[in-house]
Amino acid sequence: MTDETSELISKAADTNIRRRPQKKKKTPTTVVSQSKHPVSRQSVVQWFASFFTYTPSDKIDIVSNDENKKYRRIYSPIHSCICKRLLCKLILLFCVMYLVIYFRPDYSIYMRNSLENMLKRFNLTSEEYRLRPGQRLSQYRQPSMPIIIIPGIISTGLELWQGTECASGKFRHRFWTSMQMVNNIGRDHQCWLKHISLNLSTWNDPESIRLRPVLGWAAADYVFPGYWLWSKVIHNLADIGYDPTNLVTLGYDWRLTPASLEERDGYFTQLKFYTEFLRKKHGEKVALLTHSMGANYVLYFLRWVAENAGDQWIDDNVATFLNVGGPLLGTPKAFSAVLSGEMKDTSVLGDLGRNILGKVVGKLVVFPRFFRALGSVPSMFPRGGSDVWNECYGVDKDPMKHMLIFPKDRYKGFAKKLIALREKCGEEEDYSKGFDAVLEEIYAKPELVEEIMTKNHTIEEFYDVLKILAPRYMDLVNKYYNLDGTIRTKKDEDAKKKWKTDSRYWTDPLSTPLPNVTNLKIYCMYGYIKEPMTECGYSYGFSSHTDHCSSALLLFNTSHTVSPHLKSGVFLGPGDATVPLVSLGHMCAGPWKTSKSYHNPGEVKTIIREYIHKTTTFDILTTRLEDALRGGEYAVTHVELLGNREFLTDLLMIVSKPIIGTNQSRLLVNDDNINQDKIYSNIRQISDRIMKRQKK
């Protein structure tokens, strides 16, 4: 063989080495000696970093024997003892860091400072969020007024004291708020709904069922773990020196009407007692701090205590009424809730969402049934009529003319279709008698339903719609609430005097004046979102997917009208995403502000404090996840305002007094400007237009 031939053969052998071995041939591999693959020495850092460098698990090497070339996996005795997957390596890293911090705590400070310095270079952290407002003010302010917190609707926990067989073994279990509620809904939602609802015919406890409010701060600090309500307020008040001796949370059964709340639980008697006790113990008049519907109930209380103990009692015992996000003139959301169980939050789900909810709860009709079983909801029915609610959009040139609309000319002859649909329910005895077994209502006549659905309705006419579709419910509403303040003409002077003998007017500030006192201060504190996000009215239509054996769900949200304010069947305007601006601020900006007016005979001082959303950079070191998911620490929506840093600062300044010897001039908010209006919206102009219309 020539030299050229042997050279070609050797090149061919080298080429064969790089080919993938065939699976059919199985020959033993030859162990390669360590001398052929020397391992270079590494530093400890390089060795540790090598475990976080990705290498394929099937790394191979070439070995040879006399007959052919094969691949072989290389296994390191060190790597076989260490995790190879990325997740396992991360867990190992965290464990090492934890051990280092545990045995050397000073290292944790060094690591945090290093991380903070690095983030500051990229403007990802700041000193602003490092301390709570209460911590910043703790060196300047100290407690002054004792405080009683009155939560809003659905904000107080309810626990079981007596139940039916399906709730056996659940004594004092939370049926509202906490994870126990979620567990009860998941196990048996029908049983939970049966216990949480009041009697549809009386608004009293159902037979053999008693739910009562949870007492103390735990009643309203969190809805669920991580979803706060009053916890931030309580924490910041504690920072400046408040404790259980001068801070009380007085929860209540938010399902009851104000009259029933006093009759069954003596709630306003308790509130009067606690106010007197705190004033005598601390020598300072009390601050009543409310949120949402709690403001409406405190208005009722002020009139109740004035009638039972005189106006002077308020001057002697109450320093300020802090109304946070109170729907003083109601909210359209209360209308849609009792009409069809729908609101902005559910309408955006569309038919698919309705079908899913229907599968979960059994029948969609349980939604309006639930809201009609709450005696407190009518306290938030819109008040003031079209004079007030034409301003829901907040624009003079674009008034809201109707609160309830239907597609034009779509439902002519609808009565015949409705009769045919109801015949399908004939096999059920209750339905055959024209009775809605679920809602305990008499069926509305098909001709009347057609009449409703062939025209649009103002706020005054909305009540007429409810009287036709829910006659039993509206009879119960009129038993506990008088709606003359909404539907009467403002020139009827005799009607203005009825509040003196009729407590049904006491939740309506347009009908019932403030007590004739001089030392009380009222703060209207609320979030203002200029963009249309708050419900003002509704566009309804017939849904073919409705359970036609119930009269409640014949009306469903649709988007058949082209309007810049319409979204998913809901007309939207400015407000705090729950309560419209006109309801939040009109009383404080208009009737109560007017000197020697019918609504404010004692010239009680009213102050408006508005808050607007501020977009801030997410601070990785100080922003908690639960705050980030709810808009950050400057969110101004209805519930999130309770955690707003500016609101918390204002609250602390109002209820506290300076620490002697401290320089108060260093504070941006001080005792002077806290008593001045801070307004970003056009609420003054809105109130002026409303009062001009009411004088005509």
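Residues numbered from 1 in each chain as written. Predicted model: local features only at pLDDT ≥ 70, side-chain atom pairs only at ≥ 80, totals over all residues. Heavy atoms only, no water.

Engineer: Hey, could you run me through the packing of helix H9 (residues 258-265) against helix H11 (residues 293-309) in this one?
Structural biologist: Two quantities define a packed helix pair, namely the angle between the helix axes and the distance between the axes. H11 packs onto H9 with a crossing angle of 65° between their chain directions and a minimal axis gap of 10 Å. The angle between H9 and H11 places the two elements in the roughly perpendicular class. Here H9 runs over H11; the crossing is right-handed. Contacts between H9 and H11 pair Pro-258, Ala-259, Leu-261 and Glu-262 from the former with Tyr-297, Tyr-300 and Trp-304 from the latter. (Axes fitted to C-alpha atoms, helices over the stretch in contact; angles between N-to-C directions. Helix = DSSP H or I, 4+ residues; strand = E, 2+ residues; numbered from the N terminus. Parallel < 35°, antiparallel > 145°, perpendicular 65-115°, else oblique. Left-handed = near helix turned anticlockwise from the far one by under 90°. Contact = heavy atoms within 4.5 Å.)

Engineer: Got a minute to help me understand the nonpolar core in this structure?
Structural biologist: A general tendency of soluble globular proteins is for nonpolar side chains to be buried together. Membership of the largest hydrophobic core comes to 122 residues, with the highest contact counts inside it found for Leu-288, Phe-301, Ile-314, Phe-381 and Trp-389. Here the element with the most residues in this core is H11; it accounts for eleven residues. Not counting the four nearest positions on each side in its chain, Leu-288 is found in contact with Ile-148, Ile-150, Leu-271, Thr-275, Val-298, Phe-301, Val-318, Thr-320, Phe-321 and Leu-322. (Core = buried A, V, L, I, M, F, W, Y, C linked by side-chain atoms within 4.5 Å. Buried < 20%, exposed > 50% of the residue type's maximum accessible area, 1.4 Å probe, protein only.)

Engineer: Looking at this model, I keep getting lost on the environment of Pro-399. Mind explaining?
Structural biologist: Position of Pro-399 among the secondary structure elements: in the loop between helix H17 (385-389) and strand E13 (404-405). A relative accessible area of 33% places Pro-399 in the partly exposed class. Linking Pro-399 and Trp-389, residues ten residues apart in sequence, is a C-alpha distance of 8.5 Å.

Engineer: Just to check I follow, could you spell out the confidence of the model for the protein chain for this structure?
Structural biologist: Close inspection of predicted coordinates is inappropriate for parts of the model with low pLDDT. Residues of the protein chain with pLDDT of at least 70 account for 75%, and the chain-wide mean is 81. Here residues 4-41 scores under 50 on pLDDT; set against residues more than four positions off or in separate chains, the count is 22 contacts. Here residues 54-73 scores under 50 on pLDDT; set against residues more than four positions off or in separate chains, the count is 36 contacts. (pLDDT = per-residue confidence, 0-100.)

Engineer: Just to check I follow, could you spell out the sheet that holds strand E5 (residues 158-162) for this structure?
Structural biologist: Hydrogen bonding along the main chain pairs the strands of a sheet, whether they run parallel or antiparallel. Here we have three strands laid out as an open sheet, ordered E6-E5-E7, and antiparallel in their pairing. For this open sheet the edge positions go to strand E6 (174-176) and strand E7 (210-213), each flanked by a neighbour on one side alone. Each neighbouring strand pair of the sheet contributes to a mean axis angle of 45°, computed without reference to strand direction. The sheet contacts of helix H7 (residues 189-196) involve E5, E6 and E7, and relative to E6 the element is tilted by about 80°. (Pairing = 2+ DSSP bridges.)

Engineer: Looking at this structure, I do not really get the side chain of Thr-177. What am I missing?
Structural biologist: Residue placement: Thr-177 occurs in the loop between E6 and helix H6 (178-187). Engagement of the side chain of Thr-177 in a polar contact is seen with the side chain of Arg-174, the distance being 2.9 Å. Among residues more than four places away in sequence, those in contact with Thr-177 are Ile-154, Gly-157, Tyr-222 and Val-223. (Polar contact = N/O pair within 3.5 Å; in protein donor to acceptor, adjacent residues only side chain to side chain.)

Engineer: Just checking my understanding: could you explain the pattern of salt bridges for this structure?
Structural biologist: A pair can form between side chains of opposite charge whenever their charged atoms are brought close. A complete count under the given rule lists 24 salt bridges for this structure. For Arg-264, the salt bridge goes to Asp-253, with nearest N and O atoms at 3.0 Å. Highlighted residues: Arg-264 in helix H9 and Asp-253 in the loop between strand E10 (247-249) and H9, separated in sequence by eleven residues. With relative accessibility at 28%, the residue Arg-264 sits in the partly exposed group. Overall, Asp-253 belongs to the buried group, its relative accessible area being 0%. One salt-bridge network, held together by shared partners, links Asp-205, Arg-212, Asp-253, Arg-255, Arg-264 and Asp-265. (Salt bridge = Lys/Arg side-chain N within 4 Å of Asp/Glu carboxyl O.)

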